[in-house]
Amino acid sequence: MRNFLALVKVNLKNTFNLTDGKEKKSAISKFLPIIILVALLPTISGIYFLAKELLDVLIPIQQTGLLVGLLLMGISVTVFFFAIFLVPSIYYFSKDVETLLALPLQPWVIVASKFVVTVIYEYFTILFFAVPVLVAYIEKVQPAFGFYPILCIVILLIPVVPLILSSILIMLVMWLIPFAKNRDFFNYLSTFFALALAIGINVLAGSASTISQDVLLNLLMQGNNSLTRIFTYVIPNIRYGVEAMVQIDYVQLLIYVGMVAAAILLFIFIAQIVYFRGAIGINETSASRKRLKSSAYAKSTLSGNVLATYTFKELKLLIRTPIYFMNCVSTVVLLPVILSVSMIPAMQSTGELDQILSQIPWNRPELGIYVIGIGACIGWGMTSLNLITPTSISREGTNAYFMKYIPVPYFTQLTAKVLSGLSISLLGILLILIPAAFFIRLPWNLTLMALVSAILASIFMNYLGMIVDVIRPKLVWEQEASAVKQNLNAFFTMVPAFALSVGLMFVIINVSYASWLPLILYLVLMMLDIGIVILTKKIGDKLLPSLKG
Amino acid sequence: MIQIENVSKVYSGKVKAVDALSLTIEDGEIIGFIGPNGAGKTTTIKMMTGILSPDTGRVLLNGIDIVEKPIEAKRQFGLVTDNPDIFLRLKGVEYLNFMADIYDVSQSDRRQRIQKLAETFEMSSALNDKILSYSHGMRQKIVVMGVLVHSPNIWILDEPLTGLDPQSAFALKEMMKNHAAEGKTVFFSTHVLEVAEKLCSKVAIINKGKILYFGTLENLKKDYNEMSLEEIFLEVTRNA
């Protein structure tokens, strides 16, 4: 137990307090929490008002438990999916794993200490949507005093079970998939397998929890929070948490806590058995130690242009590092795949949807500006989602000083990083645009218009991400995942991407159509690109020489 | 030729890492840069190579100011840093080819040099593997090869022999001698005083950011009654 506590302490220090405290904080770092809060304020207040409106409907029919259930369910599902990506990097690919394996520590001690840090990290993720909903709930329902201790316990424990589920899933996958000769490939495969399994479980659980309209109506009519019973299937303890909070029932709370405790015991038991089997040798890499054949040598030593060679270097590192691949590339590929798969049933139906789609007047010129707008939103969205440029210097870690001693202008280096981001963004854009165009039967000329605006938007967002990373690179980290997942830079591109998308669509919806509008839209997108390229050069030349090295 | 003129660096407004340091290193010299841990060796090297900007003074590499004309100045030297864990997911040959592209080495030159260096450092069979699969010593070798592939005029090496096996260390030392014999410059930091004693035409002893001695070993020994370099080093740094 003493080892466990010591390890938790060290892990917490490493994860949340990497600086020695002697360094002066920059102005941005000092005000960062305030900046984040201000940036999130529209979303937080949106959630708050939405929750209030929902409660206005639920209070008269005595179903306020539905909101609490939705919140706990939402938190659980979010934690589960985030953890699928986070757990392998923290439990297996972290820099400290090899050191820890050599220490006289029980497997459960290592895993549980990492688990605690991950739970604490998850609190930050869930905080911003849990708080507004709970504030709205307290304001509207005005629960008795006994509610508050229950609330604290339920919320504190809510990420535990989904995190345990994903941890067990990952540990089993790491153990059960037979050893592959190429360890990197094995790492990709296992994480993909875990993800597929997670989606599968979710789909199965979803279908299991589907209840008929009659039953739903019956539950609704009963009042007295009867609807909370539908939250039974995916994560069983949720129902007891909801009941405890809504009915202020300490017995239900005890059952809830008991289930969490049982899950922890099961987790420790499984960790003790399987963790070492997956973790030992995790950093092995295949090496052939074979001399290159002369043809292969000639191919490997072709000379190339600096920008191209730098871009390929970036792409190679991105694709060959499993954690970066999972977080920066696979999300861009998986999202369109999941969307496409969900479209298939709709495409197979020949009824109403077909009729609606066939009635869209694609030849009306004013639709062009909508297509351009939606294209731009896809460009901004898919680019902000892949996290490549806002983490491209951060991913270099303590080796970032390499950028400073090579005879390549900073702007060329930044452009190469942007090009690597742009290539992956373009892949995502095409993967989402082509099936979507096929699905809604968008004519090719309009598809092309959307593609052009998506590319222009993507260029802007990639350079914006680059600027963010130049301003605040995260160079000190313990595991590669920290450079991408625990890096707020991604947030600083997602918020502008969201704001730009909302702003543009607002303008498009409210402006009266003129034939020159598409041209103006393209011009605006191009001007934004030119502006940000100039800005990137200026900021890069100014800030990169003082990059910590 | 390297000219370091009155260079200073203060960290966090308090710690003076390098204090008005001046050195002139002529062509054809091998300079051993020695000093205890935290003496300012790496900070000096970082300022020489553009990784850090000096607070005062200037650094000229073959007459080119590293701050005024950074790209031109960076073409004059090759740097081996004290950390060889870089671009671990690239294959050895990819890393060398990348460095050759960065320094604009012609295709025929790079092919010839990579092959020769791989033979010298016994890395031919490892070139097609990722650097991640290399041992520490092999990583050090590939980083050294990455510098030598573009045949820079000035070699700046931070602890270059750390982790090298005896054959490779010998080969690198011979290369350093030959490089200086061709009228070019080698500047390297080391903790191994025997290496400095055998290899260097001059040594620079640094402590607390100040140069305590810069000159030939013969003169240094004369000043200290023919004591060994180790004894002199301890004496000089103790009294600093």
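Residues numbered from 1 in each chain as written. Chains lettered and ligands numbered in written order. Predicted model: local features only at pLDDT ≥ 70, side-chain atom pairs only at ≥ 80, totals over all residues. Heavy atoms only, no water.

> Let's hear about the overall build of chain B: which residues, and what values?
Per the secondary structure count, chain B includes nine helices and 10 strands. Taking 2.2 N^0.38 as the reference for a compact globule, 240 residues should give roughly 18 Å; the C-alpha atoms of chain B span a radius of gyration of 18 Å, in line with that estimate. In terms of principal-axis extent, the alpha carbons of chain B reach across some 50 × 40 × 35 Å. Considering chain B as a whole, with its 240 residues, one finds that 57% of them fall into the buried category. Pairs at least 24 residues apart make up 66% of the contacts formed inside chain B by residues separated by at least 6 positions. Taken as a whole, chain B presents about 9,700 Å² of accessible surface, with 47% of it coming from carbon and sulfur. Considering chain B, the positive charge centre built from 28 side chains and the negative charge centre built from 31 side chains are found 5 Å apart. (Helix = DSSP H or I, 4+ residues; strand = E, 2+ residues; numbered from the N terminus. Rg over C-alpha atoms; globule rule 2.2 N^0.38 Å. Buried < 20%, exposed > 50% of the residue type's maximum accessible area, 1.4 Å probe, protein only. Contact = heavy atoms within 4.5 Å. Areas by Shrake-Rupley, 256 points an atom, 1.4 Å probe, with all protein chains shown as cover. Lys, Arg positive; Asp, Glu negative; His and termini not counted. Charge placed at Lys NZ, Arg CZ, Asp CG, Glu CD.)

> Just give me the short version of the sheet that holds strand β1 (residues 2-11) of chain B, but keep the residues and values in it.
Residue and element names in this part refer to chain B. Read from one edge to the other, the open sheet built from four strands follows the order β2-β1-β4-β5, with strand pairing classed as antiparallel. One side of each edge strand has no neighbouring strand; the edge strands of this open sheet are β2 (15-25) and β5 (64-65). The sheet contact formed by β1 and β2 spans seven bridges and is antiparallel. By the bridge assignment for β2, Val7 is matched with Leu21. Running over the sheet, helix α1 (residues 41-48) touches β1, β2 and β4 (56-61) and is turned about 120° from β1. (Pairing = 2+ DSSP bridges. Axes fitted to C-alpha atoms, helices over the stretch in contact; angles between N-to-C directions.)

> Any chance you could break down helix α6 (residues 166-181) of chain B for me, citing the residues and the numbers?
All names here are of chain B. For α6, with 16 residues, the first-to-last C-alpha span of 22 Å sits near the 22 Å given by 1.5 Å per residue. Regarding α6, the residues found buried are Ser168, Ala169, Ala171, Leu172, Met175, Met176, His179 and Ala180. Residues of α6 that are buried sit in contact with β3 (30-34), α4 (107-120), α5 (136-148), β7 (154-158), β8 (185-189) and α7 (193-199). Backbone geometry just downstream of α6 places Gly183 in the positive-phi region, at approximately 90°. (Expected span 1.5 Å × (residues − 1).)

> Residues and numbers for a nonpolar patch on the surface, please.
A grouping of A:Trp516, A:Leu519, A:Ile520, A:Leu523, A:Val524, A:Met526 and A:Leu528 is seen on the molecular surface, where their side chains present a nonpolar patch of about 640 Å² in accessible area. Positionally, A:Leu523 belongs in helix α22 (residues 517-543). (Patch = residues over 30% accessible without salt bridge, like charges linked within 9 Å, V, L, I, M, F, W, Y side chains within 5 Å. Salt bridge = Lys/Arg side-chain N within 4 Å of Asp/Glu carboxyl O.)

> Can you break down the interface of chain B and chain A residue by residue, with the values?
Taken residue by residue, the interface counts 43 residues in chain B and 39 residues in chain A. Each partner contributes to the roughly 4,000 Å² buried at the junction of chain B and chain A, and carbon and sulfur atoms together form 55% of this total. It is B:Ile51, B:Arg89 and B:Arg111 that lose the most area in chain B upon contact with chain A, and together they represent 17% of the buried surface on that side. For the pair chain B and chain A, the interface holds four salt bridges. The partner of A:Arg289 in a salt bridge is B:Asp129, and the shortest N-O contact between them spans 2.8 Å. Sort the elements by how many residues they give to the side of chain B that touches chain A and helix α3 (residues 92-102) of chain B lands first, with seven residues. Taken together, the residues of the side of chain B that touches chain A sort by class into 18 nonpolar, 12 polar and 13 charged. (Buried area = accessible area lost by both parts, 1.4 Å probe. Nonpolar A, V, L, I, M, F, W, Y, C, P; charged D, E, K, R; others polar.)

> I'd like to hear about the side chain of B:Glu29, residue by residue, with values.
All names here are of chain B. Counting through the fold element by element, Glu29 comes out in the loop between β2 and β3. Of the residues examined, Glu29 reaches a relative accessible area of 11% and is grouped as buried. Here Lys202 takes part through its side chain, which lies 3.0 Å from a polar atom of the side chain of Glu29. Residues in contact with Glu29, not counting those within four places in the same chain, are Thr24, Ala180, Lys184, Thr185, Val186, Ser201 and Lys202. (Polar contact = N/O pair within 3.5 Å; in protein donor to acceptor, adjacent residues only side chain to side chain.)

> How would you explain the packing of helix α5 (residues 107-141) of chain A against helix α11 (residues 250-279) of chain A if you had to name every residue and give the values?
Residue and element names in this part refer to chain A. It is the contact of α5 with α11, at a shortest axis distance of 8 Å, that shows an interaxial angle of 115°. Between α5 and α11 the crossing geometry is right-handed. Contacts between α5 and α11 pair Pro107, Trp108, Ile110, Val111, Ala112 and Phe115 from the former with Phe267, Ile268, Ala271, Gln272, Tyr275 and Phe276 from the latter. Classifying every residue of the contact of α5 with α11 gives 11 nonpolar, one polar and no charged. (Left-handed = near helix turned anticlockwise from the far one by under 90°.)

> If you had to explain the sheet that holds β7(B) to someone new, which residues and values would you point to?
Within a sheet, adjacent strands bond to each other through the backbone by hydrogen bonds, running parallel or antiparallel. All names here are of chain B. Pairing is mixed across the open sheet formed by six strands, whose spatial order is β6-β7-β8-β3-β9-β10. Either end of the sheet is taken by a strand with one partner, and the two such strands are β6 (77-80) and β10 (210-215). Averaged over all pairs of adjacent strands, the angle between their axes in this sheet comes to 15°, without regard to strand direction. Of the strand pairs in this sheet, β3 and β8 are connected by four bridges, and their pairing is parallel. Each residue of the ladder has a partner; that of Ile31, found in β8, is Phe187. Sheet strands touched by α5: β6 and β7. Its angle to β6, the strand with the most contacts, is close to 175°.

> Please give an account of the nonpolar core that cites residues and values.
Most often, soluble globular proteins have nonpolar side chains that are buried together. Counting residues in each nonpolar core, the largest one holds 127 residues, and the members touching the most others are A:Ile393, B:Ile142 and B:Phe187. Broken down by element, the residue count for this core peaks at nine residues, all from helix α19 (residues 444-471) of chain A. Sequence-distant contacts of A:Ile393, that is, excluding residues within four places in its chain, are made with A:Ala400, A:Met403, A:Leu414, A:Lys417, A:Met466, A:Asp469, A:Val470, A:Pro473, A:Leu475, A:Leu544 and A:Leu547. (Core = buried A, V, L, I, M, F, W, Y, C linked by side-chain atoms within 4.5 Å.)

> Go over the packing of aromatic side chains with me, naming the residues and quoting the values.
Throughout the structure, instances matching the rule amount to 16 aromatic pairs over all chains. Ring geometry for A:Tyr48 versus A:Phe49: centroids 5.0 Å apart, planes at 70°, classification edge-to-face. On the accessibility criterion, A:Tyr48 (17% relative accessible area) is buried. The interplanar angle of 40° and the centroid separation of 4.8 Å between the aromatic rings of A:Phe115 and A:Phe267 together place this pair among those described as tilted. Of this pair, A:Phe115 sits in helix α5 while A:Phe267 sits in helix α11, and the two are 152 residues apart along the sequence. A residue is classified by how much of its surface remains accessible, and A:Phe115, at 8% relative accessible area, is buried. For A:Phe267, a relative accessible area of 3% corresponds to the buried category. By the ring-pair criterion, three or more aromatic residues cluster together here, those being A:Tyr310, A:Tyr401, A:Phe402, A:Tyr405, B:Phe87, B:Tyr95 and B:Phe98. (Phe/Tyr/Trp six-rings, centres within 6.5 Å; stacked < 30°, edge-to-face > 60°.)

> Hey, could you go over the side chain of A:Asn327 for me, with residue numbers and the actual values?
All names here are of chain A. Mapped onto the elements, Asn327 comes out in helix α14 (residues 322-348). Looking at Asn327, its side chain comes within polar contact range of the main-chain oxygen of Ile323, at 2.9 Å. Contact partners of Asn327, with chain neighbours within four places excluded, come to Phe85, Asn386, Leu387, Val484 and Lys485.

> I'd love a proper account of unusual backbone geometry, names of residues and values included.
Most peptide bonds take the trans form, and the phi angle of most residues other than glycine is negative. Residues other than glycine seldom take positive phi values, yet B:Phe87 does so here, at roughly 45°. On the basis of relative accessibility, which here comes to 7%, the residue B:Phe87 falls in the buried class.

> Quick one: what's the story with α1(B), residue by residue and with numbers?
Residue and element names in this part refer to chain B. Buried residues dominate α1, accounting for six of its eight residues. Of all the residues in α1, the buried ones are Lys41, Thr43, Thr44, Ile45, Met47 and Met48. Positive phi shows up at Gly50, right after α1, with a value of about 85°.

What is shown is where atoms sit, not what they do.
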